[in-house]
4 protein chains.
Amino acid sequence: VFAIALTLLVLEIHVPDLSSGARLGPVLHEIRPSFIAFLISFVVIAISWTSHRDLFALIRRTDRALVWLNIIYMFPLSMLPFGAALISRYNREPAAVHIYGLILIAIAVTRLAIWRYATARPHLLVAPIDQQSRRAGYVVVLVPAVAYIIGFAIAEWVPRVSLAVFAMVPVLYFLSTTIARSSAKPGAVERDFT
Amino acid sequence: VFAIALTLLVLEIHVPDLSSGARLGPVLHEIRPSFIAFLISFVVIAISWTSHRDLFALIRRTDRALVWLNIIYMFPLSMLPFGAALISRYNREPAAVHIYGLILIAIAVTRLAIWRYATARPHLLVAPIDQQSRRAGYVVVLVPAVAYIIGFAIAEWVPRVSLAVFAMVPVLYFLSTTIARSSAKPGAVERDFT
Amino acid sequence: VFAIALTLLVLEIHVPDLSSGARLGPVLHEIRPSFIAFLISFVVIAISWTSHRDLFALIRRTDRALVWLNIIYMFPLSMLPFGAALISRYNREPAAVHIYGLILIAIAVTRLAIWRYATARPHLLVAPIDQQSRRAGYVVVLVPAVAYIIGFAIAEWVPRVSLAVFAMVPVLYFLSTTIARSSAKPGAVERDFT
Amino acid sequence: VFAIALTLLVLEIHVPDLSSGARLGPVLHEIRPSFIAFLISFVVIAISWTSHRDLFALIRRTDRALVWLNIIYMFPLSMLPFGAALISRYNREPAAVHIYGLILIAIAVTRLAIWRYATARPHLLVAPIDQQSRRAGYVVVLVPAVAYIIGFAIAEWVPRVSLAVFAMVPVLYFLSTTIARSSAKPGAVERDFT
């Protein structure tokens, strides 16, 4: 699903109308909103993918609830190409940024729910997880979630700042993951966060 | 195929035309039919996926007929994005709901055929399956099948009620699976139905 | 690639324009050409998939040429959704049927080349393959190839008969596979043809 | 991702408008630009795929940077269907060829970065790689990279020659891989380059 959603995103970058002799600069400028929407969504899916892998490296077996939590997680993920299409066409419209923000928040919230559910059940895990590692996993998901909520909240007035916030989240995620890795005790699971 | 069909569904949610300054409420209202079609179809594919996994957890090897039954099963599944596109545009038209209903019925009928075929051939199974488990497997597929047939039959007069019936099927499926799990003897295969 | 091409086919069934109160019959009639194109192409990909599995069940390791033959095989396969779109819109036009026929012939020819290459190299195979089995493998691919060539040749005058021929090929394939299975010596590889 | 991008390409070959009684020749002529764009992009993805397999056959484990390098590699790859759509519609426009060339250069550069990173870290590899093999791996990626840069540079004046250069790259790649294979010492990794 990750790979497919990642690749489907490109279908939303529409081929611009080129007048004969158009120069590269203006053409690039024309596809910029599509490209930014593509880029943000690509990174969101990439992070969802790597953090999903990080989680499932810890999991030994699944149960019914975990399977369904995963399916619920796929739901906003598979809506992301639609959200990308929306903000690629209406990048100044609060309503479009709101819908995109809702999809991002839903992704973060379901990821949080999966982490919470799985790490609380040692029989599903390869090895029990200690409290500090569990907290690190929360922080790494909560930081994006809070940023998405802020982006959503300010979209009414400054939709383009919201997009900038959404675009910054991967940097925050990267930083928080790096901090989680380096401040972890030797052997702790967050050492292997991607 | 499941993952791909799941992700292709989103292509049928068309980006609405936003007039400048459109508010979130009316926009959400405009994409509602698409979203409902997406949601119903997403859940249908998700259930097909989990029940397929449940079945293949019991199967040790396939034979020629089982491979072809699986391919026949993929046929209505891969038509589902078309059906979703149809009811997302014509959610009040009986003809559209009829076609969508036919696809759903075809999915349920082929799933029934696979269950019937596989569970009757112990040499294909990891372990022979007892009669009660086999019946539980039937019930879990027949309940949606009957609901889909009812939804199809009433589409002529009340197409939107049909859609409500289709949307209710996952709840029925969830309930019947839960009952099958809890009423099963220890060690019976339906204990692991998702 | 098989699964993706299979699922992409559906994108070529366009949602018809439904006037209010349209009845199921005329609507089904309207989507018939799309549906037939979808059905034929679906079966072509399904057969390519199963026969590919049959072949690779015999293969122990690949070499450079086999990898590239496989990629060449993917080429006409991945063009099939385009061919399906073409005959779904122009099912009476010889040019459309010609292009579709060319794609089908290319699939059969590359499949033949893979069979010829792989079965002549015992070091690539799980076990050496005897001459009768090899011939059976040829027949099973040559029968469709000849039928596709006939369909292509007559498209100029009777394009719809060509489509009927293309639609009949799976039946021929099924028959020739069944004959190959039943006339095989015990333990021969064609016993496991799907 | 490779398989999906490969198959999505076909969505960019648009069904031409056939007037009644159109002959095969003119129709083929009309879809030629789309077909060439499809063909070039198909081969680019196929080569990326095989060379990715060649690399990962050498790799024993990944680390964080390698995972992210891979994701960065997927970025231009997943943009290729967009580039193909662009040059299929505007095959004489320098701006379109420039964008397509940029995507190709980005693919080659990230592939180079992955090779450089992975082969310098013996703990990630199945077996340490000697200097000659490492150089062979560079050459095999640098040859296409240089050709793409040349194609990009001349697109301003002769966009169709650029496309011819892009189309020739697979031949160069094939030749350089064949030379790398045949000039390698017995047991060297480039013996198994595809």
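Quick caveat: nothing in here was measured; it's all calculated off a predicted structure.

1. Looking at the overall build of chain A
Part 1 of the reasoning: Each helix and strand in chain A was counted, giving six helices and zero strands.
Part 2 of the reasoning: The buried share of chain A, taken over its 194 residues, is 60%.
Part 3 of the reasoning: Expressed as a percentage of contacts within chain A between residues at least 6 apart in sequence, the contacts between residues at least 24 apart total 72%.
Part 4 of the reasoning: Accessible surface, chain A as shown: approximately 8,100 Å² in total, 66% of it carbon and sulfur.
Part 5 of the reasoning: Taking the average place of the 17 positive charges on the side chains of chain A and the average place of its 10 negative ones, the gap between the two points comes to 7 Å.

2. A few points about the interface of chain D and chain C
Part 1 of the reasoning: If you look at the interface, chain D gives 37 residues, while chain C gives 27 residues.
Part 2 of the reasoning: With both chains or domains summed, chain D and chain C bury close to 2,700 Å², and 76% of this area falls on carbon and sulfur atoms.
Part 3 of the reasoning: There are zero salt bridges connecting chain D and chain C.
Part 4 of the reasoning: Inspection of the chain D/chain C interface yields one residue pair in polar contact (both at pLDDT 80 or more).
Part 5 of the reasoning: Among the elements of the structure, helix 1 (2-8), helix 2 (24-56) and helix 6 (159-182) of chain D are those that each provide at least two residues to the side of chain D that touches chain C.
Part 6 of the reasoning: The element best represented in the side of chain D that touches chain C is helix 2 of chain D, accounting for 13 residues.

3. Focus on helix 5 (residues 131-154) of chain D
Residues and elements named next belong to chain D.
Part 1 of the reasoning: Here helix 5 spans 34 Å end to end across 24 residues, near enough to the 34 Å set by a 1.5 Å rise per residue.
Part 2 of the reasoning: Three or more residues of helix 5 are buried, namely Ser133, Arg134, Ala136, Gly137, Val140, Val141, Pro144, Ala145, Ala147, Tyr148 and Gly151.
Part 3 of the reasoning: In this structure, the buried side of helix 5 is in contact with helix 2, helix 4 (94-119) and helix 6.
Part 4 of the reasoning: If you check the start of helix 5, you find a side-chain oxygen 3.1 Å away from the backbone N of Gln132, and it comes from Asp130.

4. Some details on the packing of aromatic side chains
Part 1 of the reasoning: Inspection of every chain in the model, using the stated rule, returns 24 aromatic pairs over all chains.
Part 2 of the reasoning: Ring plane angle 80° and centroid distance 6.0 Å describe the contact between Phe35(A) and Phe75(D), whose orientation is recorded as edge-to-face. Of the two residues, Phe35(A) sits in helix 2 (residues 24-56) while Phe75(D) sits in helix 3 (residues 64-89), which places them in two different chains.
Part 3 of the reasoning: Judged by relative accessible area, which is 16%, Phe75(D) ranks as buried.
Part 4 of the reasoning: Aromatic rings pair up to connect Phe35(A), Phe38(A), Phe42(A) and Phe75(D) into one cluster.
Part 5 of the reasoning: Taking NZ or CZ as reference, Arg64(B) lies 4.4 Å from the ring centre of Phe174(C), over its face.

5. Quick look at helix 6 (residues 159-182) of chain A
Part 1 of the reasoning: Counted at 1.5 Å a residue, the expected span for helix 6 of chain A with its 24 residues is 34 Å, and the 35 Å between its end C-alpha atoms agrees.
Part 2 of the reasoning: Of all bends in helix 6 of chain A, the biggest is about 30°, found at Met168(A), and the proline Pro170(A) comes one to four residues later.
Part 3 of the reasoning: Buried within helix 6 of chain A are the following residues: Pro159(A), Ser162(A), Leu163(A), Phe166(A), Val169(A), Pro170(A), Tyr173(A), Ser176(A), Thr177(A) and Ala180(A).
Part 4 of the reasoning: Its buried side turned inward, helix 6 of chain A meets helix 2, helix 3 (64-89), helix 4 (94-119) and helix 5 (131-154) of chain A together with helix 3 of chain D.

6. Concerning a nonpolar patch on the surface
Part 1 of the reasoning: A surface patch of nonpolar side chains, amounting to about 380 Å² of accessible area, comprises Met168(A), Val171(A), Leu175(A) and Ile179(A).
Part 2 of the reasoning: Within the secondary structure, Leu175(A) is located in helix 6.

7. Looking at the relation of the copies chain B and chain A
Part 1 of the reasoning: Least-squares fitting of chain B to chain A yields an RMSD of 0.0 Å, with the superposition described by an axial translation of 0.0 Å and a rotation of 90°. The superposition operator between the copies reduces to a four-fold rotation axis. Across chain B, the smallest distance between a C-alpha and the rotation axis is recorded for Ile4(B), namely 4.7 Å.
Part 2 of the reasoning: The overlap is low: 8% of the interface residues of chain B also sit at the interface in chain A, so different surfaces are used on the two sides.

8. A short note on the arrangement of the chains
Part 1 of the reasoning: Contact between chain A and chain C is absent, and the minimum C-alpha spacing across the pair is 9 Å.
Part 2 of the reasoning: Separating chain B from chain D is a minimum C-alpha gap of 9 Å, and the two share no contact.

9. Describing the environment of Phe42(A)
Part 1 of the reasoning: Considering the arrangement of structural elements, one finds Phe42(A) in helix 2.
Part 2 of the reasoning: In this view, Phe42(A) contacts Leu6(A), Leu9(A), Ile71(D), Met74(D), Phe75(D) and Ser78(D); residues no more than four positions away in its chain are not counted.

10. Let's talk about the environment of Ser176(D)
Residues and elements named next belong to chain D.
Part 1 of the reasoning: You can see Ser176 is positioned in helix 6.
Part 2 of the reasoning: For Ser176, a relative accessible area of 11% gives the class buried.
Part 3 of the reasoning: Sequence separation between Ser176 and Pro33 is 143 residues; the distance between their C-alpha atoms is 28 Å.

11. A closer look at the environment of Val140(C)
All names here are of chain C.
Part 1 of the reasoning: Structurally, Val140 is set in helix 5 (residues 131-154).
Part 2 of the reasoning: Each C-alpha atom, one on Val140 and one on Met79, is 23 Å from the other, the two residues being 61 residues apart in sequence.
Part 3 of the reasoning: When near neighbours in sequence (up to four residues on either side) are disregarded, Val140 contacts Tyr173, Ser176, Thr177, Ala180 and Phe193.

12. Here's the deal with the interface of chain B and chain A
Part 1 of the reasoning: If you look at the interface, chain B gives 37 residues, while chain A gives 27 residues.
Part 2 of the reasoning: For the chain B face of the interface with chain A, the top three residues by lost area are Thr7(B), Val15(B) and Leu18(B), together amounting to 21%.
Part 3 of the reasoning: Linking chain B with chain A are zero salt bridges.
Part 4 of the reasoning: At the junction of chain B with chain A, the criterion picks out one residue pair in polar contact (both at pLDDT 80 or more).

13. Digging into the relation of the copies chain D and chain C
To go from the first copy of the chain to the second, apply a rotation about an axis and then a shift along the same axis.
Part 1 of the reasoning: When chain D is brought onto chain C, the operation consists of a screw motion whose angular component is 90° and whose axial shift is 0.0 Å, with 0.0 Å RMSD remaining.
Part 2 of the reasoning: The two copies present different faces, since only 8% of the interface residues in chain D are matched by interface residues at the equivalent positions in chain C.

14. Examining the confidence of the model for chain A
All names here are of chain A.
Part 1 of the reasoning: Scored by pLDDT, chain A comes out at a mean of 86, with 99% of its residues at no less than 70.
Part 2 of the reasoning: Looking over chain A, one finds the lowest element-wise mean pLDDT in helix 1 (residues 2-8), namely 78, and the highest in helix 4, namely 92.
Part 3 of the reasoning: What the predictor reports for the complex is a pTM of 0.87 with an ipTM of 0.86.

15. Side note on the side chain of Ser133(D)
Residues and elements named next belong to chain D.
Part 1 of the reasoning: With respect to the secondary-structure elements, Ser133 resides in helix 5.
Part 2 of the reasoning: Ser133 gets classed as buried once you look at its relative accessible area, which sits at 2%.
Part 3 of the reasoning: Those residues within four positions of Ser133 in sequence are excluded, and the remaining contacts are Trp115, Ala188, Val189 and Glu190.

16. Here's the deal with the packing of helix 2 (residues 24-56) of chain B against helix 6 (residues 159-182) of chain B
Residue and element names in this part refer to chain B.
Part 1 of the reasoning: Interhelical geometry of helix 2 versus helix 6 gives an angle of 35° and a closest axis separation of 10 Å. In this structure, helix 2 crosses over helix 6, and the sense of that crossing is left-handed. In contact with Arg32, Ile40, Val43, Ile47, Thr50 and Ser51 of helix 2, helix 6 contributes Arg160, Leu163, Phe166, Ala167, Pro170 and Tyr173.
Part 2 of the reasoning: When the residues that make up the contact of helix 2 with helix 6 are grouped by side-chain class, the tally is eight nonpolar, two polar and two charged.

17. Quick notes on the side chain of Thr110(B)
All names here are of chain B.
Part 1 of the reasoning: Structurally, the position occupied by Thr110 is in helix 4 (residues 94-119).
Part 2 of the reasoning: Residue classification places Thr110 among the buried residues on the basis of a relative accessible area of 15%.
Part 3 of the reasoning: A distance of 2.8 Å separates a polar side-chain atom of Thr110 from the backbone oxygen of Ala106.
Part 4 of the reasoning: Beyond its immediate chain neighbours, meaning those up to four positions away, Thr110 contacts Ile72, Tyr73 and Pro76.

The rules behind the values
Residues numbered from 1 in each chain as written. Chains lettered and ligands numbered in written order. Predicted model: local features only at pLDDT ≥ 70, side-chain atom pairs only at ≥ 80, totals over all residues. Heavy atoms only, no water. Helix = DSSP H or I, 4+ residues; strand = E, 2+ residues; numbered from the N terminus. Buried < 20%, exposed > 50% of the residue type's maximum accessible area, 1.4 Å probe, protein only. Contact = heavy atoms within 4.5 Å. Areas by Shrake-Rupley, 256 points an atom, 1.4 Å probe, with all protein chains shown as cover. Lys, Arg positive; Asp, Glu negative; His and termini not counted. Charge placed at Lys NZ, Arg CZ, Asp CG, Glu CD. Buried area = accessible area lost by both parts, 1.4 Å probe. Salt bridge = Lys/Arg side-chain N within 4 Å of Asp/Glu carboxyl O. Polar contact = N/O pair within 3.5 Å; in protein donor to acceptor, adjacent residues only side chain to side chain. Expected span 1.5 Å × (residues − 1). Phe/Tyr/Trp six-rings, centres within 6.5 Å; stacked < 30°, edge-to-face > 60°. Lys NZ or Arg CZ within 6 Å of the ring centre and 35° of its normal. Bend = angle between axes of the 7 residues up to and from the residue. Patch = residues over 30% accessible without salt bridge, like charges linked within 9 Å, V, L, I, M, F, W, Y side chains within 5 Å. Least-squares fit on C-alpha atoms with pLDDT ≥ 70 in both. pLDDT = per-residue confidence, 0-100. Axes fitted to C-alpha atoms, helices over the stretch in contact; angles between N-to-C directions. Left-handed = near helix turned anticlockwise from the far one by under 90°. Nonpolar A, V, L, I, M, F, W, Y, C, P; charged D, E, K, R; others polar.

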